[in-house]
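Secondary and tertiary structure notes
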Amino acid sequence: AQTVTQSQPEMSVQEAETVTLSCTYDTSESDYYLFWYKQPPSRQMILVIRQEAYKQQNATENRFSVNFQKAAKSFSLKISDSQLGDAAMYFCAYRSKETSGSRLTFGEGTQLTVNP
Amino acid sequence: GAGVSQSPSNKVTEKGKDVELRCDPISGHTALYWYRQRLGQGLEFLIYFQGNSAPDKSGLPSDRFSAERTGESVSTLTIQRTQQEDSAVYLCASSLFSAMFEQFFGPGTRLTVL
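Below is a short write-up of the structure.

Thresholds, definitions, all that
Residues numbered from 1 in each chain as written. Chains lettered and ligands numbered in written order. Predicted model: local features only at pLDDT ≥ 70, side-chain atom pairs only at ≥ 80, totals over all residues. Heavy atoms only, no water. Buried < 20%, exposed > 50% of the residue type's maximum accessible area, 1.4 Å probe, protein only. Helix = DSSP H or I, 4+ residues; strand = E, 2+ residues; numbered from the N terminus. Pairing = 2+ DSSP bridges. Contact = heavy atoms within 4.5 Å. Buried area = accessible area lost by both parts, 1.4 Å probe. Salt bridge = Lys/Arg side-chain N within 4 Å of Asp/Glu carboxyl O. Polar contact = N/O pair within 3.5 Å; in protein donor to acceptor, adjacent residues only side chain to side chain. Nonpolar A, V, L, I, M, F, W, Y, C, P; charged D, E, K, R; others polar.

Side note on the pairing of strand β7 (residues 75-79) of chain B
Residue and element names in this part refer to chain B. Within β7, 5 of the 5 residues are buried, which leaves it mostly tucked inside the rest of the structure. Burial of β7 is two-sided: the residues S75, L77 and I79 facing one way and the residues T76 and T78 facing the other way are all buried. Across 5 bridges, the pairing between strand β3 (residues 19-24) and β7 is antiparallel. Bridge assignment links R22 to a residue of β7, and that residue is T76. By the bridge criterion, 5 bridges tie strand β6 (residues 65-69) to β7 in an arrangement that is antiparallel. Bridge pairing in β7 places R69 opposite S75. Following β6, the chain reverses through 5 residues before pairing antiparallel with β7; G71 in that reversal takes a positive phi of roughly 60 degrees.

Right under this line is the structure:
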């Protein structure tokens, strides 16, 4: 079974600065998806960024980028020019590409605080 | 509707009562998932429906939990004889087909068992 670990329960960053959230995972599969989701106090899960394991290029979405190290099974999220609206719980998640395993497996989350 | 909707938004019940939670997926989404999120924790998979295939119930924590889905529409998650440890946010998500497509989440139902 796959597992996802987020070792930072809480992180803080000053507005306009950069912060990196860590995530490691364990799997025996060679092809899969990795995700970062944001969950504000409204509880709504919002997809931030997605990475396909067979793609070597790191995914980027505006101020959000990932550092995907497949051999190390590491998938960190970098938020540049942090904004107050980025404050939320962030979850790293794994998804198998096999149809039968299309559930998401989540880490425990990292609570991000953005200080003005 | 434009997104996944869930009702009720909040539910408070007494230990031992049965509760029913509802999820309305995005129209046309054949895949539907239920997850549980305990306070301060990540989401745990409960059950997965894909079209008319038999659901994947492997995440249900006990036989007090069950879920149904009629075709490709509404799903209900039922918890019988609720216990205090069932207190959590229950989130529903839907997607086109299954593995390849993004899961869109609803706002969840916060269940409190007194």
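What to know about the interface of chain A and chain B
Listed as interface residues are 22 residues of chain A and, on the opposing side, 28 residues of chain B. Between chain A and chain B lies a buried interface of about 1900 Å² when both sides are counted; carbon and sulfur atoms form 45% of it. Among the residues chain A hides against chain B, the three largest losses belong to R43(A), R95(A) and R103(A). Together they make up 34% of the total. Where chain A meets chain B, there are 1 salt bridge. D56(B) is the salt-bridge partner of R103(A), the closest N and O atoms lying 2.8 Å from each other. The tally of links between chain A and chain B comes to 9 residue pairs in polar contact (both at pLDDT 80 or more). Among the elements of the structure, β5 (32-39), β6 (46-52), β10 (88-96) and β11 (104-106) of chain A are those that each provide at least two residues to the side of chain A that touches chain B. Among the residues making up the side of chain A that touches chain B, the classes are represented as 7 nonpolar, 8 polar and 7 charged.

Function cannot be inferred from these measures alone, as they are strictly geometric.
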